[in-house]
Amino acid sequence: MSTSESPTSPGGPGKTARSPRSTEGPRETTEGPVYTVTGGDWDEVVTAARKTDDEHIVVNMGPQHPSTHGVLRLILEIDGETVTEARAGIGYLHTGIEKNLEFRNWTQATTFVTRMDYLMPLFNETVYCLGVERLLGIEDQIPDRATTLRVLLMELNRISSHLVFIATGGMELGATTVAIFGFRDREMILDIFELITGLRMNHAYVRPGGLAQDLPPGAVDQVREFVKKMRKNLTEYDKLVVGSPAYKARLQDVGHLDLTGCMALGVTGPVLRAAGLPHDLRKSDPYCGYETYDFEVPTVDTCDAYGRLLLRLEEMRQSLRIIEQCLDRLEPGPVMVADKKIAWPAQLALGPDGLGNSLDHIKKIMGTSMEALIHHFKLVTEGFRVPPGQAYAAIESPRGELGAHVVSDGGTRPYRVHFRDPSFHNLQSMAAMCEGGQVADVIVAVASIDPVMGGVDR
Amino acid sequence: MSEKGEQGEKGQQGGKGEQTGKAGQDRPAEGDRPDERIPVQRGDTGEVIGVRRGMFGANNGGDTTGYGRLVRTVRLPGETARPYGGWFDEVADELEGALEEQGLVPSNAIEKTVVDRGQITFHIAREHLPRVARTLRDDPALRFELCTGVSGVHYPGDKGRELHAVYHLRSVTHGRLIRLEVTAPDADPHVPSVVDVYPANNWHEREVYDFFGLVFDGHPALTRIMMPDDWQGFPQRKDYPLGGIPVEYKGAQIPSPDQRRSYS
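Quick caveat: nothing in here was measured; it's all calculated off a predicted structure.

1. Brief notes about the overall build of chain A
Phase 1: Across its full length, chain A holds 18 helices and 13 strands.
Phase 2: Expressed as a percentage of its 458 residues, the buried residues of chain A come to 51%.
Phase 3: Excluding contacts between residues fewer than 6 apart, the proportion of contacts in chain A whose partners are at least 24 apart in sequence is 66%.

Shown next as structure tokens:
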């Protein structure tokens with residue numbers, strides 16, 4: 001951790017090459033004395049800071065800090081233990097996914113978008129596919145089974161994402177039992193994902209037009225088993241977390257952001273619902289047939305980190321309800337649109353060496369049907385064309401409104417895809433939550449937003 | 001022939017039939033066309049954002065496919081005439097009325113309205129954007145409380161309107177979603193900021209500035225947000241290369257993604 005101190009200019013010019021132990025005195029600049037501290041003994045830092053009568057210290061928390069959810073840099077101006085000003089520095093995980101999509105065909109893009117917010121890959125894929133399907137005008141042709149499976153997987157993903165929130169949030173407070181419990185239960189969901197999609201994360205399973213493949217045998221049973229087990233395990237969190245005096249002392253009245261603040265800062269998701277507004281796109285702007293499922297949108301009105309925790313626990317229960325309804329209404333049928341000009345032709349099959357081409361399909365295109373071979377080749381190498389225009393699709397992700405603005409110029413590649421990532425938007429509220437509070441509460445406040453830097457930076 | 005192959009063929013024939021039908025409908029008056037033998041393109045209205053030539057991305061004269069003379073004009077969906085349908089008319093009426101009350105001529109502020117794929121887009125003259133945004137947020141009949149950020153799009157072929165900023169506004173009260181689109185030329189890449197109205201757009205405007213070089217006048221601190229502060233150029237403009245290096249795979253050179261065949 002590096003600390004730079006200056007009475008007038010936080011984070012001012014203090015980056016000259018100096019020995020690690022150069023804490024003896026200030027360096028005079030035009031903006032006042034600047035102290036640069038790298039490494040060394042913390043006591044020396046404190047003595048050097050004590051020498052001046054100015055108590056303000058600018059601390060860089062991150063970008064490599066165990067409790068900042070990946071590579072997030074928090075720039076805190078602190079006065080004693082009080083945070084007087086807080087700013088977030090982002091962009092350390094920018095991977096240029098949106099630019100990259102413009103050089104791949106429409107189907108290949110799912111492989112990229114699934115890597116954005118790596119805790120909700122299936123949401124990223126679904127929102128992108130909904131955008132493309134809207135552009136294609138095939139929203140009504142998506143088979144029911146595909147839509148139901150999308151909902152099923154998204155709700156499983158919502159639980160796994162909330163579990164990571166509880167686990168890492170607990171870890172940041174020193175509650176390692178919660179961390180282990182959270183990752184233990186998440187592992188069950190990742191096993192289900194591995195069974196269904198072939199991968200634990202970064203699935204690229206949802207494709208424009210439907211899904212990459214159908215459920216493998218045994219998947220429904222495993223999901224049912226999971227629901228039963230998860231129902232039981234959720235009570236453990238109630239015992240461990242909800243009633244815990246240590247949790248209450250750390251979380252209650254911390255990271256306060258009321259409804260006005262949420263609306264002004266465009267905050268959505270659990271943070272907004274913890275401010276008392278039952279705004280959930282699954283209810284207010286339904287997609288994927290969510291209007292036909294029976295579930296509730298929980299709210300609390302505490303506006304603090306504790307309320308956000310309770311809310312996410314309740315959301316997991318509601319997700320379990322939706323998952324059961326999905327399982328009940330699953331009926332055999334196709335999982336890809338019937339239009340062979342869009343549907344990926346390979347009929348991928350899960351073989352002993354992982355996800356691969358179906359041998360039957362290869363036999364057919366190589367042995368019996370020249371037209372099918374041509375068609376396969378054209379669709380795989382060139383892809384399908386999407387009529388020019390733009391569309392916006394939005395879904396309720398575990399962190400809030402996840403939107404995809406998809407623009408086509410009529411070609412086989414996206415002209416521009418922009419993602420409105422909820423982490424990116426919600427992280428702006430960090431300053432409002434942290435300023436005036438304690439340094440230790442910054443960790444709690446940031447954890448309660450649950451930002452994932454892969455989504456913030458894309 | 002097996003079942004799937006037949007289906008594929010059927011799909012193809014259906015597609016062709018539709019195409020010719022459409023072309024017949026949109027056929028302009030005789031004499032307008034340069035060559036009788038070339039079928040006209042579908043949908044002759046709308047905003048032209050570029051012309052694509054050839055196929056398979058072969059632009060250096062090495063095209064032996066016979067598709068080299070293919071010309072495709074790219075048009076975005078054009079202006080929609082009233083009625084727009086559903087609640088779109090209500091929002092449009094309310095917005096026009098509210099602007100009139102403020103002494104603005106609606107047709108000056110709203111350049112055109114496009115309804116496409118079930119979503120409504122108001123193209124706003126850039127100087128009127130903050131006023132329109134404030135009206136949309138504050139008017140009780142409109143109440144678009146949430147701004148879900150701004151997305152930049154670069155159309156190098158749309159001369160004089162190269163840079164587009166696209167805003168999506170959501171009304172929690174009425175459960176509605178609309179889109180605002182503002183354009184600026186490359187020569188004068190300025191758009192007024194709406195951070196005063198929607199503080200939520202702070203980081204998003206910085207992002208669009210970072211990637212497209214579109215300057216949001218009035219933004220409190222318009223700096224780069226994703227790229228390093230000393231970065232040169234604006235990465236998501238169409239003239240900015242993706243980069244990448246060719247990769248050798250089983251003895252063959254695979255070109256980097258931006259050098260691959262593009263099917264224009």
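2. Comments concerning the overall build of chain B
Phase 1: On a plain count of helices and strands, chain B comes out with five helices and eleven strands.
Phase 2: The buried share of chain B, taken over its 264 residues, is 31%.
Phase 3: Once local pairs closer than 6 in sequence are excluded, the contacts in chain B between residues at least 24 apart make up 52%.

3. A word on the domain arrangement of chain B
By a widely used convention, the size of an interface equals the accessible area lost when the partners come together.
Phase 1: What the domain assignment lists for chain B is domain 1 (39–76) and domain 2 (88–217).
Phase 2: For domain 1 of chain B versus domain 2 of chain B, the separation of C-alpha centres amounts to 31 Å.

4. With respect to the sheet that holds strand S13 (residues 416–420) of chain A
Residues and elements named next belong to chain A.
Phase 1: Spatially, S11-S12-S13 is the arrangement adopted by the three strands of the open sheet, whose pairing is antiparallel. Edge positions in the open sheet fall to strand S11 (389–397) and S13, since each of these has one partner strand only. Across this sheet, the average inter-strand angle for adjacent strands is 15 degrees, counted without regard to direction.
Phase 2: Pairing of strand S12 (residues 400–408) with S13, which is carried by five bridges, proceeds in the antiparallel orientation.

5. Focus on the nonpolar core
In summary, soluble globular proteins display a tendency toward joint burial of nonpolar side chains.
Residue and element names in this part refer to chain A.
Phase 1: Judged by nonpolar contacts, the single largest core of 172 residues is most densely connected at Ile395, Met430 and Ala445.
Phase 2: Counting residues per element, this core draws most heavily on helix H5 (residues 144–173), which supplies 14 residues.
Phase 3: Residues in contact with Ala445, not counting those within four places in the same chain, are Val254, Gly255, Ala305, Met430, Met433 and Cys434.

6. Considering the domain arrangement of chain A
Phase 1: Along its sequence, chain A is organised into domain 1 (3–89), domain 2 (97–339 + 384–457) and domain 3 (349–381).
Phase 2: A straight line from the C-alpha centre of domain 2 of chain A to that of domain 3 of chain A covers 33 Å.

7. Overview of the packing of H5(A) against helix H12 (residues 305–329) of chain A
All names here are of chain A.
Phase 1: Interhelical geometry of H5 versus H12 gives an angle of 155 degrees and a closest axis separation of 9 Å. Here H5 lies roughly antiparallel to H12, going by the angle between them. Helix-helix and strand crossings are classified by hand; for H5 and H12 the assignment is left-handed. Contacts from Thr148, Val151, Leu152, Glu155, Leu156, Arg158, Ile159, His162, Phe165 and Ile166 of H5 reach H12 at Arg312, Glu315, Met316, Ser319, Ile322, Ile323, Cys326 and Arg329.

8. Observations concerning the interface of chain B and chain A
Phase 1: Each side of the interface is counted separately: chain B has 46 residues, and chain A has 48 residues.
Phase 2: Among the elements of the structure, helix H1 (3–25), strand S1 (47–53), strand S2 (71–76), strand S5 (146–154), strand S6 (163–171), strand S7 (176–184) and helix H5 (202–212) of chain B are those that each provide at least two residues to the side of chain B that touches chain A.
Phase 3: Here the side of chain B that touches chain A takes seven residues from H1(B), the largest share from any one element.
Phase 4: Among the residues making up the side of chain B that touches chain A, the classes are represented as 22 nonpolar, 16 polar and eight charged.

9. Focus on helix H2 (residues 88–101) of chain B
Residue and element names in this part refer to chain B.
Phase 1: Compared with an ideal rise of 1.5 Å per residue, which puts 14 residues at 20 Å, H2 spans 20 Å between its outermost C-alpha atoms and is within 8% of the ideal.
Phase 2: Of the residues making up H2, those classed as buried are Val91, Ala92, Leu95, Ala98 and Leu99. Mapping the buried residues of H2 onto a view down its axis gives an arc of 135 degrees, with all of them on the same face. Along H2, the residues that are exposed and aim more than 90 degrees away from the buried face are Glu100 and Glu101.
Phase 3: On its buried side, H2 packs onto helix H3 (106–109), strand S3 (110–116), helix H4 (129–138) and S7.
Phase 4: A positive backbone phi angle near 85 degrees is found at Gly103, which sits one or two residues after H2.

10. Considerations on the confidence of the model for chain B
All names here are of chain B.
Phase 1: Within chain B, residue pLDDT values average 80, and 80% of them lie at 70 or more.
Phase 2: Every residue in residues 1–34 scores below 50 in pLDDT, and together they form 31 contacts with partners more than four places removed in sequence or on other chains.
Phase 3: Two summary scores accompany this predicted model of the complex, namely pTM at 0.83 and ipTM at 0.80.

11. Describing the pairing of S7(B)
All names here are of chain B.
Phase 1: Among the nine residues of S7, eight are classified as buried, and the element is accordingly described as predominantly covered.
Phase 2: Where strand S4 (residues 119–124) and S7 come together, three bridges link them in parallel fashion. Counted as the bridge partner of Thr121 is Arg179 from S7.
Phase 3: Looking at chain direction, S6 and S7 are connected through nine bridges and run antiparallel. The residue of S7 that forms the bridge with Ser171 is Arg176.
Phase 4: Where S6 hands over to S7, the hairpin turn is made up of four residues, of which Gly175 adopts a positive phi near 65 degrees.

12. Considering H5(B)
Residues separated by three or four positions in an α-helix point in the same direction, a consequence of the helix having 3.6 residues per turn.
Phase 1: Along H5(B), eleven of the eleven residues are buried, which leaves the element largely enclosed by surrounding structure.
Phase 2: All of the buried residues along H5(B) are Asn202(B), Trp203(B), His204(B), Glu205(B), Arg206(B), Glu207(B), Val208(B), Tyr209(B), Asp210(B), Phe211(B) and Phe212(B).
Phase 3: Check the buried side of H5(B) and you find it contacts helix H15 (422–426) of chain A together with S5, S6 and strand S9 (215–217) of chain B.
Phase 4: Where H5(B) terminates, the next one or two residues include Gly213(B), which has phi positive at roughly 75 degrees.

13. Quick word on the packing of helix H6 (residues 176–197) of chain A against helix H7 (residues 219–242) of chain A
Residues and elements named next belong to chain A.
Phase 1: Between H6 and H7, the least distance of the axes is 11 Å, while the angle of their chain directions is 170 degrees. In this view, H6 runs roughly antiparallel relative to H7, as classed from their interaxial angle. Of H7, the residues touching H6 (which contributes Thr177, Val178, Phe181, Asp185, Met188, Ile189, Ile192, Leu195 and Ile196) are Ala219, Gln222, Val223, Phe226, Lys229, Met230, Asn233, Glu236, Tyr237, Leu240 and Val241.
Phase 2: Of the residues belonging to the contact of H6 with H7, the class tally is 14 nonpolar, three polar and three charged.

14. Notes on the confidence of the model for chain A
Phase 1: Scored by pLDDT, chain A comes out at a mean of 85, with 88% of its residues at no less than 70.
Phase 2: Long-range and interchain partners of residues 1–23 of chain A, a stretch whose pLDDT sits below 50, account for 50 contacts in this model, where long-range means more than four residues apart.

15. Description of unusual backbone geometry
Phase 1: Between Arg82(B) and Pro83(B) the backbone carries a cis peptide bond, its omega angle lying at -5 degrees.
Phase 2: Relative to the assigned elements, Pro83(B) resides in the loop between S2 and H2.
Phase 3: You will see that Asn202(A), though not glycine, has its phi angle at about 55 degrees, which is positive.
Phase 4: With respect to the helices and strands, the residue Asn202(A) is situated in the loop between H6 and strand S7 (206–207).
Phase 5: One non-glycine residue, Cys303(A), adopts positive backbone phi at about 60 degrees.
Phase 6: Position of Cys303(A) among the secondary structure elements: in the loop between helix H11 (281–284) and H12.

What counts, and where the lines are drawn
The written sequence of each chain sets the order in which its residues are numbered from 1. Chain A is the first chain written and ligand 1 is the first ligand written, with later ones labelled in order. In keeping with the predicted nature of the model, local features appear solely for residues at pLDDT of at least 70, side-chain atom pairs appear and are counted solely at 80 or more, and the whole-chain, interface and lining totals rest on all residues. Strands are runs of DSSP state E lasting at least 2 residues, helices are runs of H or I lasting at least 4, and numbering of each runs from the N terminus. Three exposure classes are used, based on other C-beta atoms lying within 10 Å of a residue's own C-beta, which is placed from the backbone: buried for 20 or more, exposed for 12 or fewer, and partly exposed in between. By definition, residue pairs are in contact when their C-beta atoms, positioned from the backbone, come within 7 Å. Boundaries between domains were set according to an automatic or database domain assignment. In this analysis, strands are considered paired if DSSP registers two or more bridges between them. Axis angles are defined between N-to-C directions and span 0 to 180 degrees, where every axis is a line fitted to C-alpha atoms and, for a helix, only to the segment in contact. Put simply, a nonpolar core is buried Ala, Val, Leu, Ile, Met, Phe, Trp, Tyr and Cys residues tied into one set by C-beta atoms within 7 Å. For this classification, under 35 degrees means roughly parallel, over 145 means roughly antiparallel, 65 to 115 means roughly perpendicular, and everything else is oblique. For any pair of crossing helices, the crossing counts as left-handed if the nearer helix is rotated counterclockwise from the farther one by less than a right angle, and right-handed if it is rotated clockwise. Nonpolar residues are Ala, Val, Leu, Ile, Met, Phe, Trp, Tyr, Cys and Pro. Charged residues are Asp, Glu, Lys and Arg, and all others, Gly as well, are polar. One less than the residue count of a helix, multiplied by 1.5 Å, gives the span that helix is expected to have. By construction, the arc corresponds to the directions joining the helix axis to the C-beta atoms. Each residue carries a pLDDT value, the predictor's own confidence for that position, ranging from 0 to 100.

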